[in-house]
Structures are given as structure tokens and as C-alpha cells.
Amino acid sequence: MASVEFKVTCSCTKPGEGVFVVGGVTALGDWAPGRALPLSTSPESFPVWSSGQVALPAAGVIEYKFLVQRESSTGSARWEEIRDNRCITPVAGKTLQVHETWSVWSPTPLPSTPQAPAKAPGKASASASKASV
């Protein structure tokens with residue numbers, strides 16, 4: 001097992017509403033808003049909503065999204081409006097900290113491969129490009 005701590009900056013809630021994480025594993029509600037993981041905030045930490053450590057399987061990529069709904073997890077949910085699901089890859093024995101912003105897409109960074117710089121016609125390149133991982 002692995003653990004993850006979720007944090008999301010979200011100021012679009014109204015009194016009586018909360019922010020939740022829902023995703024493709026039981027601990028995140030298996031994509032059912034009524035079983036989603038509730039996040040918490042306080043007057044001092046608002047608009048940041050957070051979970052404690054959540055145990056998740058370390059068995060590959062887990063997709064998830066944030067949503068806003070009644071604190072009772074009933075009624076209709078407002079899903080964050082991003083083009084794809086968010087993804088995390090929990091690592092056994094480690095705690096992953098996730099901090100996102102509501103409806104702001106931040107794709108999971110992938111390792112990049114060094115590539116030769118483009119050469120102008122008839123000119124040689126004197127420097128190599130560097131890739132960050």
C-alpha cells in the first residue's frame with residue numbers, strides 16, 4: 001500500500017458545500033460522488049481543502065477528479081471542468097503529496113528525452129540541449 005495526501009485550492013463553494021476527491025479506486029468512491037472522499041478546510045486555511053493520509057493501492061496509475069457537492073454527499077455534484085482526469089501513481093511505502101488548483105489542468109509530468117537542437121540550414125550547432133526529468 002501507499003498513501004496520498006490531497007490538497008486543492010478551491011474558493012467556489014457555498015455554505016453547506018464541500019470539496020471531494022472521486023476516482024477509480026474504492027478509497028476514492030469508485031467514481032460515485034456519493035462515496036467520494038471528503039476534504040476539509042478551516043477559516044485559517046480556506047480556500048485550501050485537504051485530506052489526511054489516504055491509503056491507496058500501489059498498483060499503477062489511479063485517475064481522479066475533484067468535485068463540489070453538499071457536505072452530506074447528496075444531491076447533484078459540480079465536477080471540476082478539466083479536459084481529462086487527473087492521474088497519480090502511488091508508490092508502495094511512500095506518501096505522495098498532491099496539491100492542485102480547482103479546474104486548472106496540470107498534466108502529470110513525464111520524463112523527457114534529450115533531443116538534438118534544430119540546426120539552421122548550413123550552420124552547425126555548438127551546444128547540446130538539456131532535458132529535465
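Visitor: It is not clear to me how the nonpolar core should be interpreted in this structure. Could you clarify?
Guide: For soluble globular proteins, nonpolar side chains are generally found buried alongside one another. Counting residues in hydrophobic clusters, the biggest one holds 20 residues, and the most contacted among them are F6, L28 and L56. Of all the elements in the fold, those that place two or more residues in this core are β1 (2-9), β2 (17-23), β4 (48-56) and β5 (62-70). Residues in contact with L56, not counting those within four places in the same chain, are M1, A2, V4, F6, V25, A27, L28, I62, I88 and P90.

Visitor: Explanation requested: the packing of aromatic side chains in the structure shown.
Guide: Two numbers describe a pair of aromatic rings. These are the distance of the centres and the angle of the planes. Under the defined criterion, the tally for this structure stands at four aromatic pairs. Aromatic pair F6 and Y64: ring centres 5.3 Å apart, planes at 65 degrees, arrangement edge-to-face. Of this pair, F6 sits in strand β1 while Y64 sits in strand β5; the two residues are 58 residues apart in sequence, bridging distant segments of the chain. The exposure classification of F6 matches that of Y64, with both residues buried. Aromatic side chains Y64 and F66 sit 5.7 Å apart centroid to centroid with 85 degrees between the ring planes, which places their arrangement in the edge-to-face category. On the basis of relative accessibility, which here comes to 1%, the residue Y64 falls in the buried class. Since its relative accessible area comes to 0%, F66 is described here as buried. Members of the aromatic cluster, connected to one another through ring pairs, are F6, Y64 and F66.

Visitor: Whenever I open this one, the pairing of β2 confuses me. Can you help?
Guide: Here is the key point about a regular strand: its side chains alternate between the two faces of the sheet. Burial within β2 is extensive, with seven of its seven residues counted as buried. Both faces of β2 are covered, namely the face carrying E17, V19, V21 and G23 and the face carrying G18, F20 and V22. Sheet topology note: the β2/strand β3 (residues 37-38) ladder contains two bridges and is antiparallel. If you follow V21 over to β3, its bridge partner there is L37.

What counts, and at which threshold
- Residues numbered from 1 in each chain as written.
- Predicted model: local features only at pLDDT ≥ 70, side-chain atom pairs only at ≥ 80, totals over all residues.
- Heavy atoms only, no water.
- Core = buried A, V, L, I, M, F, W, Y, C linked by side-chain atoms within 4.5 Å.
- Buried < 20%, exposed > 50% of the residue type's maximum accessible area, 1.4 Å probe, protein only.
- Helix = DSSP H or I, 4+ residues; strand = E, 2+ residues; numbered from the N terminus.
- Contact = heavy atoms within 4.5 Å.
- Phe/Tyr/Trp six-rings, centres within 6.5 Å; stacked < 30°, edge-to-face > 60°.
- Pairing = 2+ DSSP bridges.

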